[in-house]
Amino acid sequence: MTDDARVYEQARWSDDNRYEPLLNEKDETTVDTDTSLPDDLTRDTLTLPDADEPVVARHYTRLSQENYGVDSGPYPLGSCTMKYNPKFTEDLAARDDASVHPSREETAQGTLAVMDRLQKHLARIGGMDAVTLQPPAGAAGEFTGILVARAYHRSNGDERSEVIVPDTAHGTNFASAAMAGYDVVELPSGDDGRVDVDALRAAVSDETALFMMTNPNTLGLFERDVREVADIVHDAGGLLYYDGANLNALLGRARPGDMGFDIMHYNLHKTFAAPHGGGGPGAGPVGVTDELAPFLPSPRVRETDEGYEFYEPAETVGKVHGFHGNWLVLLKAYAYIERLGDAGMRDTSGKAVLNANYLAEQVDYDVPYGPPHHEFVASAGERDALEVAKEMLDHGVHPPTTKWPEIVDEALMTEPTEAETKEALDRVAAAFNGTRDSNADDAPQNTTARRVDQTEAARNPRLSWHALDDG
Amino acid sequence: MTSPYAPHTDDEVRDMLDAVGADTVNELFDVPDELLHDGEFGVEPKDEREVVRHVDELLSRNDDVVEFLGRGSYDHYVPSAVDHLTLRSEFLTSYTQYQPEVAQGSLQALFEYQSMLVELTGLGVANASVYDAATALGEAALLAARVEDGDTVLVPETLLDERASVLRNYVEGAGLSVVEYPTEEGNADVDTVAERAEEAVMVYAETPNLRGVLEENLDALGDVAEDADALFCVGSDPVALSVLRPPADAGADIVIGDASVLGAPTAYGTGVGLFAVDEAHIRQVPGHLVGASTDESGRRAYTLTLQTREQHIRKERATSNICTNQAWLAIRAAVHAALLGASGLVELAERCVEEPRALAERLDGIDGVEAPVHDRPCFREFAARVDDAPRVRDELLERGFAVHALNDDEIQVCVTETNADATDDLVAAFEEVVA
Ligand SMILES: Cc1ncc(COP(=O)(O)O)c(C=O)c1O
């Protein structure tokens, strides 16, 4: 513990052997399901909570107090870009006319207009020629991009079997490639934490469908050799994919399209400030070059003389979401881009990178790779990164992402975003540094729950209130 | 201009640059000159009021029509308390619960969501959501491919084209193909399913299906699947399941669907993928699972669990690539269900049976309309036979009503509590249009 006066206390509602009771522990009934349907189709009874609104309101209010969000304090969770989520965009998303049925087209010109404009903004921001908004998250964007690459290769009579992924890449890159049926080739990073160009040259072949890259990579380093990387991949007949999770670092300063990428996804719940919602929803639009546009998912939006319309791209891969993706997230991101404008976007990346550099400088742990951009990865060294994280919780700071990327020992992957003030960063640094000489293993103390037993949870999975026997 | 969401003063920027030994922010970018961009995209910064006005202008181009639309996206009234409670920023602005000690609120809310689905489906496990019904169907088929032998997925011919397309994209990499089976009067042709099930890893049926018909052959389909060593997957939704027999009773191994019928507006098809499965396959589940455990004080506490299934640990051998899911909307569904309570859910479901029945009867009374096409119990929606369905749809739209045209001679109409009070006007419009 440091002498930081602002040690945190999270709300806690406790009732002997549990915190806030489950809703069914407060009020549950079994009702007969009398309906006019034939008996053999229906259930006899339904047993669920049956609480009145005041009880429900208090229940969820208490639960919210037992939860830590970006508005609660610093949330430098690396790779997740936990930036501030403007409030007004929620009001836009809640409007009645923002919610039309997905089969509407000519009577939903407003919705299509937002989509078309967002596509155009994203295309310019990424230096891409065409964008689909359909993928509902980053991983879905990856999967979409890989399907597009597969379809493109096939259209050339070219069945390729491999996707190459750097060892520092996010787990979704590997999983998305495998889902599309590719063998995944993991590329070890060079000593400087970047793509090892020679290793890549040795790894590519006429089996290479795609090389997936994150830039800045997950260590926060800009891949300066990206043009050469692009040449290597393209010369082998492969395509180059940009994982847009880290685009916040480059907003308005550099564009994947200019670096030689053929396909990219944008992560609207990161870079474009749509809230993370306790895990989602997000949106992962995909941008491609002109050459790949005919393969994008259907339908696409376009502007015509008469208004906006959907159309099916000539060689479309089909659908990656049942309808049009997470429209509400698209709308929030559109409003955010309009609010910031060019200058605000450029300022965003500047402040995000300034904050990460400043914080890296204040943190006493070793940062083995640099220079950082929007994030840096510190090493907890002798300490278990998880213990460091748990201690930071007691300071009212959400800890960094831990133990990833694996090439840093006991990694603490830290992304403060542009939304933190210098004072807040100093507080984060104090929380970090306070753990340096500690050997505590009983943190956190000041959070709603004390250390939660992960082993027990996995050994004896109890995944619903039906499985609880502890009353 | 600076970003309104980057709160630095100029002095602070100076101090921070000094601390890192740089003169300018631009200097911090380790980007080769030839890759730098000037950031001119032609987007003018706006103040908040201007953006609201701009979006207002765009969205006001959406015509004010009364939607009688369904086919996978349904409108139910969302109580105001759902917004007020879930927009609390501790829920809205948090992320995946990597630190359960500070995330008990969303973990418990998701645990409650999972529990409600366990009750509604009769299966032992429900996850914390995937993207939507279509991707849930894809995930179900991939799960089936991991545990059963075979190379096809059997789906009803009534399956929405869009869902079928997503399914094909999900399963192609696993070497599966999607095979349709016919339906009769909106119900599965069980004999044909039996003939085709041998090669299948999964048999899929929907209740209600995309024509609104409740499937009456679930037991038989469950038996067929079991005999053929295929998993049986049922598509439904939490409102329908409030009165329907739990699919597990008919032998379902997996239930998928869209939970956004609760807690969310139609929102252009924004979904919540419901994914529930028999406990036997717990280690094959895609996505997040919230489990109960205890903390160091001995109290019950919740945490994400069985994470070795997931991509951040298992990489290319993960059960799925999903990371970000639809958690906030899942919590909204749970809050909505909690506000309705067991009795409210049953009442809502009953209304989804009665409203379409009453409307179909009235439409059937119009010369030139035959409704419903299938003389079967329907839920929320039904097909009606008319002459020149596309013309009927277009002329209804001119009168302010949106319905589906399924083909040349069928339209489909969806009615719930949110548009029920417009049915008189719809019937009148029908009379004019069909006459
Ligand atoms: C580098 C990187 N790539 C991809 C993803 C996947 O994005 P999503 O969670 O939106 O599916 C993430 C998300 O955390 C990420 O950090």
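Remember, predicted model here, so these are calculated numbers, not experimental data.

A. Region of interest: the pattern of salt bridges. With the rule as written, the count across this model stands at 53 salt bridges over all chains. For Arg376 of chain B, the salt bridge is made with Glu216 of chain B, and the minimal N-O distance between the two is 2.7 Å. With Arg376 of chain B in the loop between α12 (327-364) and β13 (381-385) and Glu216 of chain B in the loop between β7 (200-206) and α9 (218-227), this pair connects stretches of sequence that are 160 residues apart. Salt bridges sharing partners connect three or more residues here, namely Asp15, Arg18 and Glu25 of chain A together with Arg300 of chain B.

B. Fine view of the domain arrangement of chain B. Residue and element names in this part refer to chain B. Segmenting chain B into domains produces domain 1 (10-48), domain 2 (66-77 + 342-434) and domain 3 (80-336). When each unit is reduced to the centre of its C-alpha atoms, the spacing between domain 2 and domain 3 is 28 Å. Around 2,200 Å² of area is buried between domain 2 and domain 3 when both sides are counted, 55% of it from carbon and sulfur atoms. Interface area lost by domain 2 to domain 3 is led by His374, Arg376 and Phe379, which between them contribute 26%. The interface formed by domain 2 and domain 3 holds three salt bridges in total. Asp237 is paired through a salt bridge with Arg380; the nearest N and O atoms lie 2.9 Å apart. The interface formed by domain 2 and domain 3 holds nine residue pairs in polar contact (both at pLDDT 80 or more) in total. When residues of the side of domain 2 that touches domain 3 are traced back to their parent elements, those giving at least two are α12, β13 and β16 (410-414). A total of five residues in the side of domain 2 that touches domain 3 trace back to one element, the largest contributor, which is α12.

C. Geometry of the environment of Gly126 of chain A. Residues and elements named next belong to chain A. Relative to the assigned elements, Gly126 resides in helix α4 (residues 109-126). Take Gly126: its relative accessible area is 0%, and that puts it in the buried class. A sequence separation of 93 residues divides Gly126 from Leu219, and the C-alpha atoms of the two residues are 21 Å apart. The residues touching Gly126, leaving out its near neighbours within four places in the chain, are Arg255, Pro256, Gly257, Met264 and Tyr266.

D. Examining empty space enclosed by the protein more closely. All names here are of chain B. This model, assessed by the stated rule, comprises nine cavities of 30 Å³ or more. In this structure, the largest cavity occupies an estimated 150 Å³ of space. Together, 17 residues line the largest cavity, and Tyr74, Arg163, Pro208, Ser236 and Asp237 are the ones closest to its centre. The biggest single contributor to the lining of the largest cavity is strand β9 (residues 254-258), with three residues. In the lining of the largest cavity, the residues fall into seven nonpolar, five polar and five charged. The residues that make up the lining of the largest cavity include at least three from each of domain 2 (66-77 + 342-434) and domain 3 (80-336).

E. Geometry of the interface of chain B and chain A. Contact residues are listed per partner, giving 169 residues for chain B and 201 residues for chain A. Three residues stand out in chain B for area buried against chain A, namely Tyr5, Tyr268 and Arg300 of chain B, and they jointly supply 7% of the buried area on that side. Seen at the junction of chain B and chain A, the total is twelve salt bridges. Arg224 of chain A is paired through a salt bridge with Asp30 of chain B; the nearest N and O atoms lie 2.7 Å apart. In this structure, the connection of chain B to chain A is made through 106 residue pairs in polar contact (both at pLDDT 80 or more). Top element by residues in the side of chain B that touches chain A is α12 of chain B. It accounts for 17 residues. Per-class residue counts for the side of chain B that touches chain A are 82 nonpolar, 51 polar and 36 charged.

F. Here's a closer look at the nonpolar core. Counting residues in hydrophobic clusters, the biggest one holds 103 residues, and the most contacted among them are Leu200, Phe211, Leu268, Phe272 and Trp327 of chain A. In terms of residue count, the dominant contributor to this core is helix α10 (residues 327-362) of chain A (18 residues). Once residues within four sequence positions are removed from consideration, Leu200 of chain A is found in contact with Ile164, Leu187, Val195, Phe211, Val229, Ile232 and Val233 of chain A. Core analysis: the next-biggest nonpolar cluster, separate from the first, contains 92 residues, Phe111, Ala259, Ala333 and Leu339 of chain B among them.

G. Representation of the pairing of strand β11 (residues 290-294) of chain B. Residue and element names in this part refer to chain B. Of all five residues that make up β11, four are buried, and the element is covered over most of its length. Sheet topology places β11 next to strand β12 (residues 300-304); five bridges connect them, and they run antiparallel. Along β12, the bridge assignment pairs Val290 with Leu304. Here β11 folds back onto β12 in antiparallel fashion, the turn holding five residues, of which Gly298 has a positive phi close to 85°.

H. Inspection of unusual backbone geometry at higher detail. Put simply, Ala443 of chain A and Pro444 of chain A share a cis peptide bond, and its omega is -5°. Cis geometry is adopted by the peptide bond preceding Pro208 of chain B, which originates at Thr207 of chain B and carries an omega value of -5°. For Pro208 of chain B, the location among the structural elements is in the loop between β7 and α9. Even without being a glycine, Glu185 of chain B presents a positive backbone phi close to 50°. Among the structural elements, Glu185 of chain B can be located in the loop between β5 (183-184) and β6 (187-188). Under the relative-accessibility criterion, Glu185 of chain B is labelled partly exposed at 39%. Here the phi dihedral of Arg380 of chain B falls at roughly 65°; this positive angle occurs in a residue that is not glycine. Within the secondary structure, Arg380 of chain B is located in the loop between α12 and β13.

I. Structural context of the site of the ligand. If you check the shell around the ligand, you find 15 residues, and the closest are Ser79, Gly138, Ala139 and Asp243 of chain A together with Thr324 of chain B. One chain alone does not account for the residues near the ligand; they come from chains A and B. Within the side chain of Ser79 of chain A, a nitrogen or oxygen atom sits 2.5 Å from an oxygen atom of the ligand. Asn267 of chain A is positioned with one of its side-chain polar atoms (N or O) 3.3 Å from an oxygen atom of the ligand. Computed on the free molecule, the ligand has an accessible area of 390 Å², of which 99% lies beneath the protein chains in the complex. The element best represented in the shell around the ligand is helix α5 (residues 138-155) of chain A, accounting for three residues. Among the residues making up the shell around the ligand, the classes are represented as five nonpolar, seven polar and three charged.

J. Just the packing of α10 of chain A against helix α1 (residues 10-20) of chain B, in detail. Running from amino to carboxyl end, α10 of chain A crosses α1 of chain B at an angle of 50°, the nearest separation of the two axes being 9 Å. Taken together, the axes of α10 of chain A and α1 of chain B lie oblique to each other. Crossing of α10 of chain A against α1 of chain B: the hand is left-handed. Seen from α10 of chain A, the contacting residues are Lys351, Leu354, Asn355, Asn357, Tyr358, Glu361 and Gln362 of chain A; seen from α1 of chain B, they are Val13, Met16, Leu17, Ala19 and Val20 of chain B. Each residue belonging to the contact of α10 of chain A with α1 of chain B can be placed in one class, and the counts come to seven nonpolar, three polar and two charged.

K. The arrangement of the sheet that holds strand β13 (residues 401-402) of chain A in detail. Residues and elements named next belong to chain A. With antiparallel pairing, the three strands of this open sheet are ordered in space as β12-β14-β13. What marks the edges here is a single partner per strand, and that holds for β12 (376-379) and β13. Direction of pairing for β13 relative to strand β14 (residues 411-414): antiparallel, over a ladder of two bridges. Counterpart to Thr401 in the pairing with β14 is Met413.

Cut-offs used in this document
- Residues numbered from 1 in each chain as written.
- Chains lettered and ligands numbered in written order.
- Predicted model: local features only at pLDDT ≥ 70, side-chain atom pairs only at ≥ 80, totals over all residues.
- Heavy atoms only, no water.
- Salt bridge = Lys/Arg side-chain N within 4 Å of Asp/Glu carboxyl O.
- Helix = DSSP H or I, 4+ residues; strand = E, 2+ residues; numbered from the N terminus.
- Domains from an automatic or database assignment.
- Buried area = accessible area lost by both parts, 1.4 Å probe.
- Polar contact = N/O pair within 3.5 Å; in protein donor to acceptor, adjacent residues only side chain to side chain.
- Buried < 20%, exposed > 50% of the residue type's maximum accessible area, 1.4 Å probe, protein only.
- Contact = heavy atoms within 4.5 Å.
- 1 Å grid on protein atoms, 1.4 Å probe; cavity = no way out; pocket = protein on both sides within 12 Å on 5 of 7 lines; lining within 4 Å.
- Points joined across faces, edges and corners; volume = space filled by probe spheres on them.
- Nonpolar A, V, L, I, M, F, W, Y, C, P; charged D, E, K, R; others polar.
- Core = buried A, V, L, I, M, F, W, Y, C linked by side-chain atoms within 4.5 Å.
- Pairing = 2+ DSSP bridges.
- Near = heavy atom within 4 Å.
- Areas by Shrake-Rupley, 256 points an atom, 1.4 Å probe, with all protein chains shown as cover.
- Axes fitted to C-alpha atoms, helices over the stretch in contact; angles between N-to-C directions.
- Parallel < 35°, antiparallel > 145°, perpendicular 65-115°, else oblique.
- Left-handed = near helix turned anticlockwise from the far one by under 90°.

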